[in-house]
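# Analysis of the macromolecular model
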Amino acid sequence: MTTETTVASALDVSALVADLRAAQPAWESLGLEGRGYWLRRYRTWLLDHADELARSLQEETGKTWVEANIEAPYVADVITYYLRRAPHLLGERRHRAHSPLTLPKRQVEVRRPFPVVGNITPWNFPLALSLIDVVPALIAGSAAVVKPSELTPNTVRTAIDGWAAIGAPPVLACVSGAGESGAAVVDEVDFVQFTGSTRTGRAIAQRAGERLVPYSLELGGKDPLIVLADADIERAANAAVWGAFCNAGQMCTSVERVYVEAAAYDDFLTRVVAKTRALRVGTPGPDFNLDVGPLVSDAQVEIVSRHIADAVDKGARVLVGGSISGKLVQPTVLADVDHTMNCMREETFGPTMPIMKVDDLAHAVALANDSEYGLSASVFTRDARRAREVASRLEAGAVNVNDVFANLFTATLPMSGWKKSGIGARMGDHGLLKYTRSQAVVTPRITPRRELQWYPYSRLRSGLMLRALRWAAGGLPGDR
Ligand code: NAD
């Protein structure tokens with residue numbers, strides 16, 4: 001991982017967005033079919049270059065080979081999904097008159113894109129998070145600029161160069177640099193898409209609010225996993241270990257807190273400890289021989305080490321892991337934790353799994369909701385009715401039943417953080433529609449010289465119009 005030092009000045013960003021703005025109308029007028037042609041070609045390019053992109057991702061982030069290889073096909077899948085879905089969402093909608101008085105008007109709703117979308121992204125899934133939100137924007141007819149994390153700029157730049165390499169219209173660009181460049185993007189674009197920390201999300205929302213441009217924020221999380229006593233404990237333990245340590249715990253939807261009903265607690269702990277001990281930790285190469293790689297930066301290591309030390313100081317036990325060497329943090333299971341500890345309240349974003357014993361379902365739900373975050377959650381039980389009951393009581397944008405972050409791979413469903421985990425949503429219908437504005441187009445079916453409500457006002461014409469309005473507003477006989 002190298003920190004990018006080139007910073008795009010506000011002037012650079014302004015000129016680049018002006019170029020995108022100039023190219024966007026031609027892109028929009030290509031229509032869905034014309035834009036689809038380029039998106040299909042780009043999908044082929046991504047899959048043809050998946051190996052090269054995976055190597056670059058691994059070099060920048062230290063990801064395991066499996067995790068580095070997921071990102072390009074994941075983006076390709078999102079292209080396929082939205083190309084299939086877009087005709088249903090973007091087509092003109094003819095509306096029927098809601099009242100007899102509007103019968104003489106043809107009413108059409110058209111979806112028009114925001115001209116330029118800015119997408120500011122983090123380092124943990126650099127390629128996927130830079131492109132999955134840009135794909136629907138391009139399909140909608142917007143131009144887009146991506147500002148990748150300064151920690152991981154190279155793979156994203158290579159992927160965006162790929163757009164130019166296939167000869168596609170110049171409606172996708174990349175900006176270098178850190179927060180300053182991100183802020184310059186927010187100052188220029190017509191819609192801001194952001195994935196990153198809650199702290200930065202708040203700063204972006206404030207600036208976008210001043211400019212009165214819309215935004216969508218995908219922010220931090222502190223996802224709980226609840227294990228009820230009747231669960232398949234083996235599956236729950238496997239899921240918890242993968243959910244907590246995948247990508248070295250550097251996932252917004254990582255399992256960051258586990259609540260286990262007392263009757264299943266000891267069994268769950270024994271299994272989780274054995275499975276965690278068996279994980280192969282090291283610095284990965286292009287091979288499938290390791291399960292957990294290093295953290296991306298010293299700053300991340302510092303947070304994890306602080307959370308473990310704070311938990312131990314306050315009485316937690318380290319059942320496995322706990323040691324740190326450079327950026328390699330051994331996957332760490334903490335027991336006897338409680339909500340006074342930072343590891344249960346702040347986002348850790350590292351390979352820790354704090355586990356707490358709970359009395360019952362109500363206790364688990366109360367603790368799971370005792371967080372400023374509400375990204376996603378998991379519940380393990382063999383009772384489908386209880387699972388739905390837990391889901392209906394959890395304050396989270398997604399609930400995975402007997403699973404962990406399975407919703408990330410369901411393109412049809414919205415991914416939306418509740419509370420301080422976000423505003424708006426990606427994926428699903430909203431993930432495309434948010435880049436568009438509704439335009440109402442009204443055309444009279446008959447064109448007399450003047451309408452009843454136009455000038456001049458008179459007792460006869462205006463009185464007639466107001467009587468008709470009152471009659472229609474009262475509803476037809478069936479409505480009364
Ligand atoms: P970060 O907020 O530090 O940075 C994210 C991006 O914002 C970077 O590109 C950065 O340069 C830019 N930035 C920083 N200050 C800015 C400003 N004032 N104006 C505009 N842009 C600015 O986050 P990070 O450390 O890169 O990523 C980790 C965070 O991302 C975690 O909190 C994690 O939970 C979150 N995340 C959320 C999701 C999700 O889908 N909800 C997914 C992945 C990561």
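The structure we're discussing is the one just above.
Presented here is an overview of the structure given in this document. All chains use their own residue numbering, which begins from 1 and follows the written sequence. Predicted model: local features are reported for residues with pLDDT of at least 70 only, side-chain atom pairs are reported and counted for 80 or more only, and whole-chain, interface and lining totals are derived from all residues. Excluding hydrogens and water, the side-chain figures rest on all heavy atoms present in the structure.

## A short note on the site of the ligand
Of all residues adjacent to the ligand, which total 30 residues, the nearest are K147, E150, S197, T200 and E347. In the analysis that follows, any N or O atom pair within 3.5 Å is treated as a polar contact, provided that within protein one partner can donate a hydrogen and the other can accept it, and provided that, for residues neighboring in sequence, both atoms belong to side chains. A distance of 3.0 Å separates an oxygen atom of the ligand from a polar atom in the side chain of W123. Within the contact set of the ligand, a nitrogen atom lies 2.8 Å away from a backbone nitrogen or oxygen of L219. Residue-level accessible areas treat just the shown protein chains as cover; the underlying method is Shrake-Rupley with a 1.4 Å probe. Protein chains shield 87% of the accessible area of the ligand, which is 860 Å² for the free molecule. Numbering of helices and strands starts at the N terminus; helices are DSSP runs of H or I of at least 4 residues and strands are runs of E of at least 2. The biggest single contributor to the shell around the ligand is helix α8 (residues 179-186), with three residues. Nearness here has a simple test: a residue counts as near a molecule or strand if at least one of its heavy atoms is within 4 Å of that partner.

## Observations regarding the sheet that holds strand β13 (residues 332-335)
Spatial strand order, β10-β13-β14-β9-β8-β16-β17: seven strands in an open sheet with mixed pairing. Each edge of the sheet is formed by a strand with only one pairing partner; in this case those strands are β10 (317-320) and β17 (398-401). Ignoring which end each strand starts from, the neighbouring axes of this sheet average 25° apart. Across the sheet, helix α10 (residues 233-245) touches β8 (223-227), β9 (255-261), β13, β14 (352-358) and β16 (376-380), and the angle it forms with β14 is around 140°. In short, DSSP must find at least two bridges between two strands for them to pair. Lines fitted to the C-alpha atoms define the axes, with helices restricted to the stretch that makes contact. Angles between their N-to-C directions range from 0 to 180 degrees. Should any heavy atoms of two residues lie within 4.5 Å, those residues are counted as being in contact.

## A short note on the packing of helix α2 (residues 31-48) against helix α4 (residues 65-90)
Closest axis-to-axis distance for the α2/α4 pair is 9 Å, and the angle between their directions is 165°. Viewed along their axes, α2 and α4 adopt a mutual orientation that is roughly antiparallel. Both α2 and α4 take part in a crossing whose hand is left-handed. Contacts from L32, R35, G36, L39, R40, Y42, R43, L46 and L47 of α2 reach α4 at A72, P73, V75, A76, I79, T80, L83, A86, P87 and L90. Three classes are used: nonpolar for Ala, Val, Leu, Ile, Met, Phe, Trp, Tyr, Cys and Pro, charged for Asp, Glu, Lys and Arg, and polar for all others, with Gly counted as polar. Across the contact of α2 with α4, the residue classes tally to 14 nonpolar, two polar and three charged. Any angle that falls under 35 degrees is termed roughly parallel, while one over 145 is termed roughly antiparallel, one within 65 to 115 roughly perpendicular, and all others oblique. Two helices crossing with the near one rotated counterclockwise from the far one by less than a right angle form a left-handed crossing, whereas a clockwise rotation gives a right-handed crossing.

## Comments concerning the packing of helix α13 (residues 361-369) against helix α14 (residues 384-393)
Running from N to C, α13 and α14 point in directions that differ by 30°, and their axes come no closer than 10 Å. When you trace α13 past α14, the crossing you get is right-handed. Along the contact surface, α13 presents L361, A362, V365 and N369, while α14 presents R386, E389, V390 and R393. Split into classes, the residues belonging to the contact of α13 with α14 amount to four nonpolar, one polar and three charged.

## Here's the deal with the state of the cysteines
We call a pair of cysteine sulfur atoms a disulfide when they lie within 2.5 Å. Tallied over the entire structure, the rule returns zero disulfides. This cysteine, C246, is not joined by any disulfide, and C252 carries the nearest cysteine sulfur, 11 Å off.

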